[in-house]
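# What the coordinates show
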Amino acid sequence: METLAMHISNGIINGPVAALFAVIALAAMALAVQRGRQDLDDRLAPMAGLVAAFIFAVQMLNFPIFTAGVSGHLLGGALAAMLVGPWVGALCLAVVLVVQALVFGDGGVAMLGLSITNMAVIGVAVAYLLIALLLRVLPRTVAGLAVTAFVAALVSVVVAALGFVLQYWLGGTADLGGNLAGLAGTMAVSHLFIGIGEGLITATTVVTVAKVRPDLVYALRARRPATPATVPTVGGVR
Amino acid sequence: MKRSWGFLAGGLLVALLLAGVVSNFASPHPDGLDSSLREGCTVDADGEITGGSCPAQQEKEHEIGGPLADYGIAGLDNDFLSTGLSGGLGVLLTFAVAGGAFWLVRRRGTGPAGSPDVDRPGTPTPSQG
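Just so it is clear, the structure is predicted and the values come from calculations on it, not from any experiment.

Scoring rules and cut-offs
Residues numbered from 1 in each chain as written. Chains lettered and ligands numbered in written order. Predicted model: local features only at pLDDT ≥ 70, side-chain atom pairs only at ≥ 80, totals over all residues. Heavy atoms only, no water. Helix = DSSP H or I, 4+ residues; strand = E, 2+ residues; numbered from the N terminus. Buried < 20%, exposed > 50% of the residue type's maximum accessible area, 1.4 Å probe, protein only. Areas by Shrake-Rupley, 256 points an atom, 1.4 Å probe, with all protein chains shown as cover. Disulfide = S-S within 2.5 Å. Contact = heavy atoms within 4.5 Å. Salt bridge = Lys/Arg side-chain N within 4 Å of Asp/Glu carboxyl O. UniProt positions renumbered as here; feature names shortened; annotations may be inferred. Expected span 1.5 Å × (residues − 1). Bend = angle between axes of the 7 residues up to and from the residue. Buried area = accessible area lost by both parts, 1.4 Å probe. Nonpolar A, V, L, I, M, F, W, Y, C, P; charged D, E, K, R; others polar. Axes fitted to C-alpha atoms, helices over the stretch in contact; angles between N-to-C directions. Parallel < 35°, antiparallel > 145°, perpendicular 65-115°, else oblique. Left-handed = near helix turned anticlockwise from the far one by under 90°. Patch = residues over 30% accessible without salt bridge, like charges linked within 9 Å, V, L, I, M, F, W, Y side chains within 5 Å. Phe/Tyr/Trp six-rings, centres within 6.5 Å; stacked < 30°, edge-to-face > 60°. Lys NZ or Arg CZ within 6 Å of the ring centre and 35° of its normal.

## Observations regarding the overall build of chain A
- What chain A contains, in helices and strands, is eight helices and two strands.
- In chain A, the succession of α and β elements from N to C terminus is α-α-β-β-α-α-α-α-α-α.
- Residues classed as buried in chain A amount to 59% of the 238 residues present.
- Total accessible area on chain A is roughly 9000 Å²; 72% of this is exposed by carbon and sulfur atoms.

## Observations concerning the state of the cysteines
Residue and element names in this part refer to chain B.
- Scanning the model with the defined rule gives one disulfide over all chains in all.
- Between the sulfur atoms of cysteine 41 and its disulfide partner cysteine 54 the distance amounts to 2.1 Å. Between cysteine 41 and cysteine 54 the sulfur-sulfur dihedral comes to about -95 degrees; the bridge is accordingly left-handed. Highlighted residues: cysteine 41 in strand S1 (residues 41–43) and cysteine 54 in the loop between strand S2 (49–52) and helix H3 (79–105), separated in sequence by 13 residues. We note that cysteine 41, like cysteine 54, is buried.

## Observations concerning the environment of serine 71 of chain A
- Along the chain, serine 71 of chain A falls in strand S2 (residues 71–72).
- Sequence separation of serine 71 of chain A and serine 190 of chain A is 119 residues, and the distance between their C-alpha atoms is 8.7 Å.
- If we ignore the near neighbours within four places in the chain, the residues touching serine 71 of chain A are Asn62, Phe63, Pro64, Ile65 and Ile194 of chain A together with Ser27, His29, Pro30, Asp31 and Gly32 of chain B.

## Overview of the pattern of salt bridges
Residues and elements named next belong to chain A.
- Overall, the coordinates contain five salt bridges over all chains when judged by the stated rule.
- Residues arginine 43 and aspartate 215 are paired through a salt bridge, measuring 3.0 Å at the closest nitrogen-oxygen approach. Placement of arginine 43 in the loop between helix H1 (15–39) and helix H2 (44–59) and of aspartate 215 in the loop between helix H7 (180–212) and helix H8 (218–223) is noted, with a sequence separation of 172 residues between them.
- Residue classification places arginine 43 among the buried residues on the basis of a relative accessible area of 12%.
- Of the residues examined, aspartate 215 reaches a relative accessible area of 17% and is grouped as buried.
- Taken together, the salt bridges that share partners define one network made up of Arg43, Arg213 and Asp215.

## Some details on the UniProt feature "transmembrane region" (unreviewed entry) in chain B
- In this numbering, the UniProt entry assigns the feature "transmembrane region" (unreviewed entry) to residues 85–105 of chain B.
- Across residues 85–105 of chain B, helical content stands at 100% and strand content at 0%; the span's end C-alpha atoms are separated by 30 Å.

## Some words on helix H5 (residues 112–137) of chain A
- Along its 26 residues, H5 of chain A runs 36 Å from first to last C-alpha, staying within 8% of the 38 Å computed at 1.5 Å per residue.
- Most pronounced at glycine 123 of chain A, the bend in H5 of chain A amounts to some 25 degrees.

## Notes on the interface of chain A and chain B
- Contacts between chain A and chain B engage 82 residues on the former and 70 residues on the latter.
- When chain A packs against chain B, the two sides together hide about 6500 Å² of surface, and 64% of this comes from carbon and sulfur.
- The tally of links from chain A across to chain B stands at two salt bridges.
- Aspartate 41 of chain A serves as the salt-bridge partner of arginine 107 of chain B, at 4.0 Å between the closest nitrogen and oxygen.
- Sorting the residues of the side of chain A that touches chain B by element identifies H1, H2, strand S1 (63–64), helix H4 (86–103), H5, helix H6 (142–171), H7 and H8 of chain A as the ones contributing at least two each.
- Ranked by the residues each element gives to the side of chain A that touches chain B, the list is headed by H2 of chain A, at 12 residues.
- Taken together, the residues of the side of chain A that touches chain B sort by class into 51 nonpolar, 19 polar and 12 charged.

## Regarding the packing of helix H3 (residues 77–84) of chain A against H5 of chain A
Residue and element names in this part refer to chain A.
- Two numbers describe how H3 lies on H5: the axes approach to 8 Å, and their chain directions differ by 55 degrees. As judged from the angle between their axes, H3 and H5 are oblique. The hand of the H3/H5 crossing is right-handed. Two secondary-structure elements touch here, H3 through Gly77, Ala78, Ala81 and Met82 and H5 through Val124, Ala127, Tyr128 and Ile131.

## Comments concerning a nonpolar patch on the surface
All names here are of chain A.
- The grouping of Phe66, Val189, Leu192, Phe193, Ile196 and Leu200 at the surface amounts to a nonpolar patch, some 510 Å² of accessible area in total.
- Along the chain, isoleucine 196 falls in helix H7.
- Judged by relative accessible area, isoleucine 196 falls into the partly exposed class, the value being 36%.

## Here we look at the packing of aromatic side chains
- Going through the model one piece at a time under the given rule, you end up with six aromatic pairs over all chains.
- Ring centres 5.8 Å apart and planes at 45 degrees place the aromatic pair phenylalanine 164 of chain A and tyrosine 168 of chain A in the tilted group. Highlighted residues: phenylalanine 164 of chain A and tyrosine 168 of chain A, both in helix H6, separated by four residues, approximately one helical turn. Both residues of the pair, phenylalanine 164 of chain A and tyrosine 168 of chain A, count as buried.
- An aromatic cluster is built from Phe56 and Phe104 of chain A together with Tyr71 of chain B, whose rings are joined through pairwise contacts.
- A cation over a ring is seen here: arginine 106 of chain B above tryptophan 103 of chain B, with NZ or CZ 3.8 Å from the ring centre.

The following block contains the structure:
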């Protein structure tokens, strides 16, 4: 085993497409800073640092999946969205990817925009949309929270993987002979199984935090004001 | 606020254990992305591509590399220590960079600092944007 790289290496996607996604990622992160500031108070700031550090740690833990010789690891989009919300969550993922590329030689620096778009933008966005939907539909129980985390994690991983397929279609450097479907198939199937692992890790972590400190789970805090019409006002309403 | 420090310390400890110890038991096989890009190539026991045709053959050198490249410590022969120490350093570095950046851009001046999650009527909910 010569390397432990897990992100897109240099040379896989051509320069112009990598640059295009660098611009997309920069714009998205600028928006995330602007919107995330509203969420970041004295308490959430160190918590969000912990979430980034935790995602860095768990991304190192490759677990075996269905076929021999293939492993998977957490991406962390759903976990971040659950714990610190979509904007700060996206920034957490971006920091992890930047540290990995600049310090650990994992993922080309020129490819950073592609990875940030897939995991910090697409992964977090898909996860948060599902979280917002499922928390409204499912019962407000531990099981409901666990199912929300699991499904959001699973789906976000598969969609993020397809984000790479889109990027490869736009600027992949190898001639697949028009057989992009083959790459899409292997990416989708392997990430479906990785998504199961991601779902289990995400659900376990979120449920654990929710039991210790429910006030530190963003998705649970954000849910309360989400239905203002049904909450009686203190002091009575006419 | 006080209780949050306990939670932070506990969480960091868990992350350090995962990256510093458990990481040594991680699967050595290529991940979903890497293995998908090797589809079509033959690979030997060391993971080196030996033949065929696949996207991974287009890979180019990393711009920086550096002493912690590939989650190890350059020059340290003990694999367990090399992976564990680099992982632990990564956790602390990520916490410092992310926590520091978030602290710098945080919202200031509204409400008493460190007050527990109080629902103030009329407070805008940023999550609903």
